[in-house]
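For reference, the chains in residue letters:
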Amino acid sequence: MSLSQPSSYSSGAAAAASTSGSSSSSSSSTTTSWFSGIVRGKSGTGKLSKSASTAGGGGGGDYGGGPIKGKNQFRGVLFKYGPKPIQVAFKTGEYKQQVIFIGGLTDGLLATDYLEPLAIALDKEKWSLVQLLMSSSYSGFGTSSLKQDAQEIDQLINYLINKENSEGVVLLGHSTGCQDIVYYMGTNAACSRAVRATILQAPVSDREYKATLPETPALIDLAAKMISEGRAEELMPREADPCAPISAYRYHSLCAYMGDDDMFSSDLSDDQLKTRLGHMANTPCQVIFSMGDEYVPDYVDKRALINRLSKAMGGAEKVEIEHGNHSLSNRVHEAVQAIIGFVKREGPSGWDDPWS
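Cut-offs used in this document
Residues numbered from 1 in each chain as written. Predicted model: local features only at pLDDT ≥ 70, side-chain atom pairs only at ≥ 80, totals over all residues. Heavy atoms only, no water. Core = buried A, V, L, I, M, F, W, Y, C linked by side-chain atoms within 4.5 Å. Buried < 20%, exposed > 50% of the residue type's maximum accessible area, 1.4 Å probe, protein only. Contact = heavy atoms within 4.5 Å. Phe/Tyr/Trp six-rings, centres within 6.5 Å; stacked < 30°, edge-to-face > 60°. Helix = DSSP H or I, 4+ residues; strand = E, 2+ residues; numbered from the N terminus. Salt bridge = Lys/Arg side-chain N within 4 Å of Asp/Glu carboxyl O. Axes fitted to C-alpha atoms, helices over the stretch in contact; angles between N-to-C directions. Parallel < 35°, antiparallel > 145°, perpendicular 65-115°, else oblique. Left-handed = near helix turned anticlockwise from the far one by under 90°. Nonpolar A, V, L, I, M, F, W, Y, C, P; charged D, E, K, R; others polar. Pairing = 2+ DSSP bridges. Right-handed = clockwise from strand over helix to strand, strands pointing away. Disulfide = S-S within 2.5 Å.

A. Just the nonpolar core, in detail. Within the largest apolar cluster, 48 residues are counted, with the highest numbers of intra-cluster contacts made by Ile100, Ile157, Leu171 and Tyr184. Ignoring sequence-local partners within four residues, the contact set of tyrosine 184 consists of Ala150, Ile153, Asp154, Ile157, Leu171, Ala189, Cys191, Ser192 and Val195. Leu115, Leu129, Ile199 and Ile321 belong to the second largest nonpolar core, which has 33 residues in total.

B. Structural context of the packing of aromatic side chains. Counted under the stated rule, the structure contains four aromatic pairs. Taking the centre distance of 4.8 Å and the plane angle of 10° together, the rings of phenylalanine 79 and tyrosine 159 count as stacked. Residue phenylalanine 79 is found in strand β3 (residues 73–80), and its partner tyrosine 159 is found in helix α5 (residues 146–164); the two are separated by 80 residues along the sequence. Overall, phenylalanine 79 belongs to the buried group, its relative accessible area being 2%. Taking 5.0 Å as the distance between ring centres and 85° as the angle between the ring planes, the aromatic pair formed by tyrosine 209 and tyrosine 295 counts as edge-to-face. Remark: tyrosine 295 occurs in the loop between β9 (285–290) and α11 (302–312) and tyrosine 209 occurs in helix α7 (residues 206–210); sequence separation between them is 86 residues. When its relative accessible area of 26% is taken as the criterion, tyrosine 209 is described as partly exposed. The class for tyrosine 295 is buried, based on a relative accessible area of 11%.

C. Summary view of the pattern of salt bridges. The tally for this structure, following the rule as stated, stands at 15 salt bridges. When the shortest N-O distance is used, the salt bridge between glutamate 229 and lysine 225 registers 2.6 Å.

D. Quick peek at the packing of helix α10 (residues 270–277) against α11. In contact at an axis separation of 8 Å, α10 and α11 are set at 50° when each is read in the N-to-C sense. Between α10 and α11, the angle falls in the class oblique. Crossing geometry of α10 relative to α11 is assigned as right-handed. Packed against α10, whose contacting residues are Asp270, Leu273, Lys274 and Leu277, the element α11 presents Arg308, Leu309 and Ala312 at the interface. Residue classes in the contact of α10 with α11 are distributed as four nonpolar, no polar and three charged.

E. Main features of the pairing of strand β6 (residues 128–132). The buried fraction of β6 amounts to five of the five residues, a majority that puts the element mostly inside the structure. The alternating pattern of β6 places Ser128, Val130 and Leu132 on one face and Leu129 and Gln131 on the opposite face, and all of these are buried. Of the pairings in the sheet, the one linking strand β4 (residues 88–92) to β6 comprises four bridges and is antiparallel in character. Across the sheet, alanine 89 pairs through a bridge with leucine 132, a residue of β6. Two elements, strand β5 (residues 98–102) and β6, share four bridges in a ladder whose sense is parallel. Within β6, the position partnered with isoleucine 100 by the bridge is valine 130. Each parallel crossover has a hand, and the one from β5 via helix α4 (residues 115–124) to β6 is right-handed.

F. Geometry of the state of the cysteines. Taken as a whole and assessed by the stated rule, the structure comprises zero disulfides. Cysteine cysteine 178 shares no disulfide, and the gap to the nearest cysteine sulfur, in cysteine 285, comes to 8.6 Å. On the basis of relative accessibility, which here comes to 6%, the residue cysteine 285 falls in the buried class.

Put into structure tokens, the structure is as follows:
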């Protein structure tokens, strides 16, 4: 997917956060979820309830006024989920079910305008919103990979299961975060079984966008040459990406035909799309496509593309937002309506026997 809009890249993370140490009731609880037992190698202790659990916390009530304090100000808990300094996440509410937001290139906390109203809507339904930082966040994307992102997403879900007694998550990807979700769900990692549903917002092709820039063909050739010489992790020239240092491997992955990141291009055949996306049929999936996405070239038939993507994913739910831009900053209400409706419908599905 394409770079996030500049407005989301520069937005400040003015979150009214307490540290995870001050909110340790979840991790210190003597009651453990059935899923945490499985991940630790023990037998499961029971089945998940179809109704939203409220055990272990009162959500927005714990913070005396809900998850939002003011513009760009979230109430919640900031915690570390992995060993790297960048591996921190921010969670609103103290619920047993979480929607994990995964941003795109250059994104970090508070990446899109719809996160504030989404946090409020989720709180009313007794779901927490989790925003994570990964090695690829902000300017780190150029020296990272989908494989590394998937490993860190798995670490976050593992943390939520073992420390917060999570009863399942929904993954919400924006832009390149959609590729992260597709890649992660294809790994069959143990914790991926805790993913109850996935949402892909703005799943668009980085390659097709980059192809509109005159310097791209020569840079793809250079990246391929560097990779063939065993220099895949060496940095490309500065003009390869104005936002961040980028390795030959990651540039090739994003910009070359059938690179690792090339999942949503309109010129891929139906068989190629099914090969890359077909496993998404195993989990309820929603595709939210912005019909005015500025990162989709004009020659692409957006309606035909979303139909093909949905078919490749086994009939994923389609949402077309007319005139919506890439981050849906001009269609915030429609974005939240689509997401919360899907979470309410598909989030609890199959929870009485998630291993079937």
